[in-house]
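Okay, here's what each chain looks like letter by letter:
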Amino acid sequence: MTAIEDLLALHMVDKQTRGIRSRVENAQLYLDAQERQLAELDAERSDLEHRSKLAQATVANLETEAGSVDERTNKLREELKNSSTTKQYNAILEEINNLKESKGQLDDRALSELEAAEGLTAKIAGVEERIAERTKVRDAARIELDERTAEVADQLSVLEAERALKASVVSEETLAIFDQAADDFDGDSMAPLEEIDRRRLEYACSCCNFSLPFNLVNTIMADGNVVEVCQECLRILYATEELRGALVKK
Ligand SMILES: [Zn+2]
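### Concerning the domain arrangement of the protein
- Segmenting the protein into domains produces domain 1 (3–168) and domain 2 (175–249).
- Spacing between the C-alpha centres of domain 1 and domain 2 amounts to 56 Å.
- When residues in the side of domain 1 that touches domain 2 are grouped by element, the largest group, 10 residues, is from helix α1 (residues 3–81).
- In terms of residue class, the side of domain 1 that touches domain 2 is made up of 6 nonpolar, 1 polar and 4 charged.

Encoded structure:
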């Protein structure tokens, strides 16, 4: 076998391995996306719960304050009954009126804080509903991933062994070029030469359409052990049997 034939054999197994692995990877990506969305929802819930606690604490403080205003007002009412002079009576009455006003303000604030707290409670319930739904989707995604992983495990171990075998006959340097191109192009590491115009000696990389100098094409055609890459996409170039045959007939 020539170096190019070895590489084409490796390429075939490599593509199969990648295809099967991508089914598991897609399931993993889907699961990761669900986990991310759940984490976002959790953060949203924590934030809402924190704000809700603050609002409830504010309501409690305002109620305490309102309670002490009431207490003071009741005390003043007693004093009002027992007041001995008009001046004293008027002064107490004025204070009672002032306290009434403060109490009204406190009640208004407490009411609006209470409404805010209720709004937050409703929002928390909404987020919790979304968390429950997303959790179901996440759990299903987890099962799907486990199933796919189990499904392809045997196939994958056979293919990986085969890939390792095919790779073992390829030189380290060439394997590095092959792996890089395979990673860059989702397994499409080998580029057949494409004849654009035979009489004008025009050839290109069929993967990226980059024009190739004829002396490079000639070298590749002449010797199946020559490993050259497309200068544009860095895939490994090769001449198909069809192309070689056509040239022989010429
Ligand atoms: Zn190319």
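Continuing now.
### Focus on the packing of α1 against helix α2 (residues 86–168)
- Between α1 and α2, the shortest axis-to-axis distance is 4 Å and the interhelical angle comes to 165°. The pairing of α1 with α2 is recorded here as roughly antiparallel in orientation. The handedness of the crossing between α1 and α2 is left-handed.
- Here the residues of the contact of α1 with α2 are counted per class, giving 39 nonpolar, 14 polar and 32 charged.

### A look at the sheet that holds strand β3 (residues 211–212)
- Strand order in this open sheet of 4 strands is β3-β2-β1-β4, and the pairing throughout is mixed. The open sheet has two free edges, formed respectively by β3 and β4 (236–238), since each of these has just one partner strand.

### Remarks on unusual backbone geometry
- A positive phi angle, near 55°, is found at Asp 186, a position not held by glycine.
- Relative to the assigned elements, Asp 186 resides in the loop between α3 (172–184) and β1 (190–197).
- Of note, the phi angle at Leu 234 is positive, near 65°, even though the residue is not glycine.
- Looking at the element boundaries, Leu 234 is found in the loop between α4 (214–222) and β4.

### Let's talk about the pairing of β1
- For β1 and β4, the ladder comprises 3 bridges, and the chain directions are parallel. Paired with Ala 191 across the strands is Leu 237, a residue of β4.
- As paired elements, β1 and strand β2 (residues 202–205) share 4 bridges and run antiparallel to each other. Within the sheet, the bridge partner assigned to Leu 193 lies in β2 and is Cys 205.

### Observations concerning α3
- With 13 residues, α3 extends 18 Å between its outermost C-alpha atoms, agreeing within 8% with the 18 Å of an ideal straight helix rising 1.5 Å per residue.
- Turning to α3, its buried residues number three or more, namely Phe 178, Ala 181 and Ala 182. Buried residues of α3, seen end-on, are gathered within an arc of 100° and therefore sit on one face of the element. Those residues of α3 that are exposed and angled more than 90 degrees off the buried face are Glu 172, Glu 173, Ala 176 and Asp 183.
- Positioned one or two residues after α3, Asp 186 has a phi angle of 55°, which is positive.

### Focus on the nonpolar core
- Membership of the largest hydrophobic core comes to 21 residues, with the highest contact counts inside it found for Leu 193, Ile 236, Leu 237 and Tyr 238.
- Those elements that provide at least two residues to this core are α1, α3, β1, β2, α4 and β4.
- Setting aside residues no more than four positions away along its own chain, Ile 236 makes contact with Leu 7, Ile 177, Phe 178, Ala 181, Ser 189, Met 190, Ala 191, Val 227 and Val 229.

### Some thoughts on α1
- In this model α1 runs 113 Å from its N-terminal to its C-terminal C-alpha over 79 residues, within 8% of the 117 Å that 1.5 Å per residue would give.
- Maximal helix bending in α1 amounts to about 25°, located at Ser 22.
- Taken together, the buried positions of α1 are Ile 4, Asp 6, Leu 7, Leu 10, His 11, Asp 14, Thr 17, Leu 31, Leu 48, Ala 55, Leu 62 and Val 69.
- Along its buried surface, α1 packs onto α2, α3, β1 and β4.

### Some remarks on the environment of Ala 39
- Residue placement: Ala 39 occurs in helix α1.
- For Ala 39, a count of 10 C-beta atoms within 10 Å corresponds to the exposed category.
- Each C-alpha atom, one on Ala 39 and one on Thr 149, is 24 Å from the other, the two residues being 110 residues apart in sequence.

### A few points about the confidence of the model for the protein
- A residue-level look at the protein finds 98% of positions with pLDDT of 70 or above and a mean pLDDT of 95.
- No element of the protein has a lower mean pLDDT than helix α5 (residues 241–249), at 77, and none a higher one than β4, at 98.

Calculation rules
Residues numbered from 1 in each chain as written. Predicted model: local features only at pLDDT ≥ 70, side-chain atom pairs only at ≥ 80, totals over all residues. Domains from an automatic or database assignment. Helix = DSSP H or I, 4+ residues; strand = E, 2+ residues; numbered from the N terminus. Nonpolar A, V, L, I, M, F, W, Y, C, P; charged D, E, K, R; others polar. Axes fitted to C-alpha atoms, helices over the stretch in contact; angles between N-to-C directions. Parallel < 35°, antiparallel > 145°, perpendicular 65-115°, else oblique. Left-handed = near helix turned anticlockwise from the far one by under 90°. Pairing = 2+ DSSP bridges. Expected span 1.5 Å × (residues − 1). Buried ≥ 20, exposed ≤ 12 C-beta atoms within 10 Å, placed from the backbone. Arc of directions from axis to C-beta. Core = buried A, V, L, I, M, F, W, Y, C linked by C-beta atoms within 7 Å. Contact = placed C-beta atoms within 7 Å. Bend = angle between axes of the 7 residues up to and from the residue. pLDDT = per-residue confidence, 0-100.

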